[in-house]
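# Examining the three-dimensional arrangement
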Amino acid sequence: QVQLVESGGGLVQAGGSLRLSCAASGRTFSSYGMGWFRQAPGKEREFVAAISWSGSSTYYADSVKGRFTISRDNAKNTVDLQMNSLKPEDTAVYYCAAVYGGSYYSKATQYDFWGQGTQVTVSS
């Protein structure tokens, strides 16, 4: 069992930056691949970024590639999402997710555990 708690959301102007963090409970954090997803009002939850258990492999949605960076610290049980050059269309609730086995996936249905989410609002 893994419990996930996101933080770092807020209101930012277009072009600005935010850093989201996800803190995980449990001793086996390094056994999990981690992902970030987002959901805007009236839309389905969509994949943003994912990282393997070691951090050696990362994967991004085309919409955020080159602007967002996912990273993890297995000693601290955290996974971060650095978001730069934010756009109004990035506005959404951002969720952290974990999948046992250490790999990484882009489909929400493949993840085992989810956080409660943190709101990111980008004003134009």
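The text that follows walks through the structure, step by step, so that each part is easy to find. (Residues numbered from 1 in each chain as written. Predicted model: local features only at pLDDT ≥ 70, side-chain atom pairs only at ≥ 80, totals over all residues. Heavy atoms only, no water.)

Here we come to the state of the cysteines. Summed over all chains, the structure comprises one disulfide. Here Cys 22 connects covalently by a disulfide to Cys 96, the sulfurs 2.1 Å from one another. One quick way to see it: the torsion about the S-S bond of Cys 22 and Cys 96 is about -80°, and its sign makes the bridge left-handed. One end of the pair, Cys 22, is in strand 3 (residues 18–24); the other, Cys 96, is in strand 9 (residues 92–100), with 74 residues separating them in the sequence. You can call Cys 96 buried: its relative accessible area is 0%. (Disulfide = S-S within 2.5 Å. Helix = DSSP H or I, 4+ residues; strand = E, 2+ residues; numbered from the N terminus. Buried < 20%, exposed > 50% of the residue type's maximum accessible area, 1.4 Å probe, protein only.)

What follows deals with the side chain of Gln 82. The residue Gln 82 is located in strand 8 (residues 78–83) in this model. The class of Gln 82 is buried, set by a relative accessible area of 19%. A polar contact is formed between the side chain of Gln 82 and the side chain of Arg 19, at a distance of 3.0 Å. Separated by 2.9 Å, the side chains of Gln 82 and Asn 84 make a polar contact. (Polar contact = N/O pair within 3.5 Å; in protein donor to acceptor, adjacent residues only side chain to side chain.)

By secondary structure assignment, the location of Ser 106 is in the loop between strand 9 and strand 10 (113–114). Between the C-alpha atoms of Ser 106 and Ser 71, which are 35 residues apart in sequence, the distance is 16 Å. Once residues within four sequence positions are removed from consideration, Ser 106 is found in contact with Phe 37, Phe 47 and Tyr 59. (Contact = heavy atoms within 4.5 Å.)

To continue, consider the nonpolar core. Counting residues in each nonpolar core, the largest one holds 37 residues, and the members touching the most others are Leu 4, Met 34, Trp 36, Val 79, Leu 81, Met 83 and Tyr 94. Only strand 3, strand 4 (32–39), strand 5 (46–51), strand 7 (68–73), strand 8, strand 9 and strand 11 (118–123) provide two or more residues apiece to this core. Among the elements that line this core, the one with the most residues is strand 9, at six residues. (Core = buried A, V, L, I, M, F, W, Y, C linked by side-chain atoms within 4.5 Å.)

Looking now at the packing of aromatic side chains. Counted under the stated rule, the structure contains nine aromatic pairs. Relative to Tyr 100, the ring of Tyr 32 lies with its centre 5.3 Å away and its plane at 75°, an arrangement referred to as edge-to-face. Placement of Tyr 32 in strand 4 and of Tyr 100 in strand 9 is noted, with a sequence separation of 68 residues between them. Directly above the ring of Tyr 95 sits Arg 45, whose terminal nitrogen or CZ lies 3.8 Å from the centroid. The ring of Phe 29 carries the charged tip of Arg 72 above its face, separated from the ring centre by 4.4 Å. (Phe/Tyr/Trp six-rings, centres within 6.5 Å; stacked < 30°, edge-to-face > 60°. Lys NZ or Arg CZ within 6 Å of the ring centre and 35° of its normal.)

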